[in-house]
Amino acid sequence: MSTAIGMTALGSNGALDLGAVRSGAVRMPSVRTRLHLTRRGRVVFTTLAAIPLAAVALALALNGGIAAAEGTSAGAATVADVATVFDYVTIASGQSLWQLAETIAPTSDPRDVIAEIVSLNQLPSENVQPGQRLALPARF
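These notes cover the structure that comes with them. Since we're looking at a predicted model, the values are computed, not measured. (Residues numbered from 1 in each chain as written. Predicted model: local features only at pLDDT ≥ 70, side-chain atom pairs only at ≥ 80, totals over all residues. Heavy atoms only, no water.)

1. Quick word on the packing of helix H4 (residues 97–104) against helix H5 (residues 110–121)
- Direction vectors running N to C along H4 and H5 enclose 110 degrees, while the axes themselves pass 9 Å from each other. Of the possible angle classes, the one that applies to H4 and H5 is roughly perpendicular. Counted together, Leu 97, Trp 98, Leu 100, Ala 101, Glu 102 and Ile 104 of H4 and Pro 110, Arg 111, Val 113, Ile 114, Ile 117 and Val 118 of H5 form the full contact between these two elements.
- Residue composition of the contact of H4 with H5, grouped by class: ten nonpolar, no polar and two charged. (Axes fitted to C-alpha atoms, helices over the stretch in contact; angles between N-to-C directions. Helix = DSSP H or I, 4+ residues; strand = E, 2+ residues; numbered from the N terminus. Parallel < 35°, antiparallel > 145°, perpendicular 65-115°, else oblique. Contact = heavy atoms within 4.5 Å. Nonpolar A, V, L, I, M, F, W, Y, C, P; charged D, E, K, R; others polar.)

As structure tokens, this is what we get:
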């Protein structure tokens, strides 16, 4: 017997009072049921939760791409606004990038100059061939 039945349905003589049980005076403990979702239900709830997240991510991605393409930030210059003019040099026979870097920027670290030349010309390595034409960074 549960404690609730023992406390409210027992009479003064200790016998079970069936009238109290029938009238609802006896409190039965409430049973909590757990929510059981099927696989389909989990998929539906996951999809419903993911749709707003995906919409926000898409909106941010599209808005960020438009802002970068239009150059909307203050003082930003677009590709059309900046006309870049490079000086070019042709590599002589026996000349290396180190010698070229020392020639065009004698006060700068040759390693930094070489790194900028390689990056600007998109060279696969620091090896150059005689007759190769290279663009020089504008600051040198």
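Having seen the model, we can carry on.
2. Observations concerning the nonpolar core
- If you look at the biggest cluster of nonpolar residues, it comprises 14 residues, and the most contacted ones within it are Leu 97, Leu 100, Ile 117, Leu 123, Val 128 and Leu 134.
- Mapped onto this core, the elements with two or more residues apiece are H4, H5 and strand S2 (133–136).
- The greatest single-element share of this core, amounting to four residues, is contributed by H5.
- Apart from residues no more than four positions distant in its own chain, Val 128 is found in contact with Ile 91, Gln 95, Ser 96, Leu 97, Leu 123 and Leu 134. (Core = buried A, V, L, I, M, F, W, Y, C linked by side-chain atoms within 4.5 Å. Buried < 20%, exposed > 50% of the residue type's maximum accessible area, 1.4 Å probe, protein only.)

3. Details of the packing of aromatic side chains
- All told, the structure shown has zero aromatic pairs when counted by the stated rule.
- Directly above the aromatic system of Tyr 88 lies the positively charged group of Arg 133, at a separation of 4.1 Å from the ring centroid. (Phe/Tyr/Trp six-rings, centres within 6.5 Å; stacked < 30°, edge-to-face > 60°. Lys NZ or Arg CZ within 6 Å of the ring centre and 35° of its normal.)

4. Quick look at the pattern of salt bridges
- Scanning the model with the defined rule gives one salt bridge in all.
- With a closest N to O distance of 3.2 Å, Asp 109 and Arg 111 form a salt bridge.
- Relative accessible area serves as the criterion here: at 29%, Asp 109 is assigned to the partly exposed category.
- For Arg 111, a relative accessible area of 57% gives the class exposed. (Salt bridge = Lys/Arg side-chain N within 4 Å of Asp/Glu carboxyl O.)

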